[in-house]
Amino acid sequence: MLLIVGLLTSISTGIIPINNSYNNDSENTQCILTENHCEFMLTAGRVRVDISGLLTTEEQLDISVTLPVGLTIKQARIEGVNMFMGIVPVQLILQDNGQWEGWFMLGSCTEPRMQWQLQIQFNENESPVSILFTTEQSG
């Protein structure tokens, strides 16, 4: 009963637990971007995501994803979490030795604090990964 009450409270308040490490029982690993980077483990090894610069809208943001050797990216895209903002495709190009680089731009929003989700899908049998981050309007 306590588990059900806790789950209902989490759902009603919008609080969803985040898993920062790979879990075989999870269909989708999630990681929160902190100080512009996020690291987590997959079956194939450690993954690191870096977004350079201030997380802001309507400006180019560079992204770098470091993967274990043998793991490749099938698709990456960004979606709004607390408001539908369409799908922002992220074109990542393999540079060297598991290093993927690209850039993206986020649209402006009426929400003062916008939550975003970068979803990365791999060509191998890994589960998709969601990187969560936030932008805030100034002034």
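Our structure is the block above this text.
Basis of the calculations
- Residues numbered from 1 in each chain as written.
- Predicted model: local features only at pLDDT ≥ 70, side-chain atom pairs only at ≥ 80, totals over all residues.
- Heavy atoms only, no water.
- Salt bridge = Lys/Arg side-chain N within 4 Å of Asp/Glu carboxyl O.
- Helix = DSSP H or I, 4+ residues; strand = E, 2+ residues; numbered from the N terminus.
- Buried < 20%, exposed > 50% of the residue type's maximum accessible area, 1.4 Å probe, protein only.
- Pairing = 2+ DSSP bridges.
- Axes fitted to C-alpha atoms, helices over the stretch in contact; angles between N-to-C directions.

**Student:** Help me understand the pattern of salt bridges, please; the structure alone is not making it clear to me.
**Tutor:** Close approach of charged atoms lets side chains of opposite charge pair. With the rule as written, the count across this model stands at five salt bridges. Ionic pairing is found between E39 and R46, a salt bridge with its closest N-O pair at 3.4 Å. Of the charged contacts, one joins R113 and E136 as a salt bridge, the two residues approaching to 2.7 Å between their closest N and O atoms. With a gap of 23 residues between them, R113 in strand β9 (residues 113-122) and E136 in strand β10 (residues 129-136) connect regions that are remote in the sequence. What makes E136 exposed here is its relative accessible area of 55%. Residues joined in a network through salt bridges with shared partners are E39, R46, R48 and D50.

**Student:** Before we go on, may I ask you to explain the sheet that holds β9 in this structure?
**Tutor:** Pairing between the strands of a sheet comes from backbone hydrogen bonds, and it takes one of two forms, parallel or antiparallel. One open sheet accounts for five strands, arranged β1-β10-β9-β5-β6; its pairing is mixed. Among the strands making up the open sheet, the edge pair consists of β1 (29-32) and β6 (87-89). Each adjacent strand pair in this sheet contributes to an overall mean axis angle of 25 degrees, direction not counted. Pairing analysis gives three bridges linking strand β5 (residues 73-80) to β6, with the strands arranged antiparallel. Paired with E79 across the strands is I87, a residue of β6.

**Student:** Looking at this structure, I do not really get unusual backbone geometry. What am I missing?
**Tutor:** Trans is the prevailing form of peptide bonds, just as negative phi is the prevailing case for residues other than glycine. The phi dihedral of E35 is positive, around 50 degrees, even though this residue is not glycine. In this fold, E35 is placed in the loop between β1 and β2 (37-42). With a phi close to 65 degrees, N36 is a non-glycine residue in the positive phi region. Structurally, N36 can be placed in the loop between β1 and β2.

Keep in mind these numbers describe shape, not what the thing actually does.
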